[in-house]
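What follows is each chain in one-letter form.
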Amino acid sequence: MSAHQVTVRSPAKINLGLSVGPPRPDGFHPLATVYQAVALYDDVTATLRDDAEITVEVLGDFAADVPTDSSNLAVRAARTLQTEYDVEEGVDLTIRKTIPVAGGMAGGSTDAAATLVACNRLWGLGLAQPELERIAADLGSDVPFCLVGHTALGRGRGELVTEVMSRGTFHWVFAIAEGGLSTPAVYQELDRLRPLRRVEPPEVHPELLTALLSGSAAALAVALSNDMQAAALSLRPELADTLQFGLDQGALAAMISGSGPTCLFLAGDSRRAVDLAVELAESGLCRMVRQAEGPVPGARILPSSVSR
Ligand code: C5P
């Protein structure tokens, strides 16, 4: 069924474990990662156009950092669907951002995932989830996970996603840094720091999966890991002060989110997360602070937003 307008809400991701192997012949790095979707959202509103144009407008905290030309990943997502399925209509996209840009939280990828879900409905394509995931994988390594959400294992270059069991809710605090980090630059730095012949194939640590099943924040805290952290810290050494500050304030764990530069902290409960967020905000160590719980679902249509 088609619609005139629809809004899709799509979450940020974090990597609870991120194990990176040596680069493949195509330049991508094989990953074994455990993703979690957290309740920090971008909203993408798609409005039908009679002509074939695709436009994008970006609003919110990080709007100035997002390109609005054809390099925008949401525009590419809409264009891909339009071309593959011979759609004659176009779409006006409005992205309301609260997820940092180039922050290691899949902000661009989640906007692309939201756009796939929105245009699928807008244009009445009726594509099932596996078909959307196939298209998502071509758009970027994190895009399929943003469709699926919750907690999931990512293999391949991150695009092969299978859900994993997780009990309860975890409370996260994010210190969002000034400026972003380029993901390819952080992978390059990782390759520079590690003698390639000593790099093992990527693997998920069993303790992480056990901790997720237990629902214990204390168990999860000691099972978190990120191979990209050393590379992000090498490019942005001052982030180590932010991580240490959070630990000093009682965070159970502190880690770089994905390729950075966002720092993430695990709190024991929601009250401690609020306290930590206040301390970080007052520290002057970061651009802004956000709190969010996880896991949450992937890109979803807001039912009240659909107009015909
Ligand atoms: O897949 P995505 O477009 O998000 O990747 C952006 C860049 O990050 C790639 O062009 C590549 O340089 C790097 N990358 C990588 N290995 C991965 C994922 C991304 O080297 N598994």
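Preceding block: the structure.
Residues numbered from 1 in each chain as written. Predicted model: local features only at pLDDT ≥ 70, side-chain atom pairs only at ≥ 80, totals over all residues. Heavy atoms only, no water.

Novice: Account for the nonpolar core, naming residues and giving values.
Specialist: Judged by nonpolar contacts, the single largest core of 38 residues is most densely connected at Val91, Leu93, Leu116 and Trp123. If you list the elements that add at least two residues to this core, you get β1 (5-20), β2 (31-49), β3 (54-60), α1 (73-84), β4 (90-97), α2 (107-122), α3 (129-139) and α4 (143-148). For this core, the leading source of residues is α2, giving eight residues. In terms of nonpolar packing, the next biggest core, distinct from the first, is built from 29 residues, Val20, Ile256, Leu280 and Cys286 among them. (Core = buried A, V, L, I, M, F, W, Y, C linked by side-chain atoms within 4.5 Å. Buried < 20%, exposed > 50% of the residue type's maximum accessible area, 1.4 Å probe, protein only. Helix = DSSP H or I, 4+ residues; strand = E, 2+ residues; numbered from the N terminus.)

Novice: Could you give an account of the sheet that holds strand β7 (residues 170-176), naming the residues involved and the relevant values?
Specialist: The four strands are arranged β9-β10-β7-β11 in an open sheet whose pairing can be described as antiparallel. Each edge of the open sheet carries a strand with a single partner, namely β9 (253-256) and β11 (288-294). In this sheet, neighbouring strand axes are inclined to one another by 25 degrees on average, regardless of whether the strands run parallel or antiparallel. In terms of strand pairing, β7 meets β11 through seven bridges, oriented antiparallel. Counted as the bridge partner of Phe174 is Arg290 from β11. (Pairing = 2+ DSSP bridges. Axes fitted to C-alpha atoms, helices over the stretch in contact; angles between N-to-C directions.)

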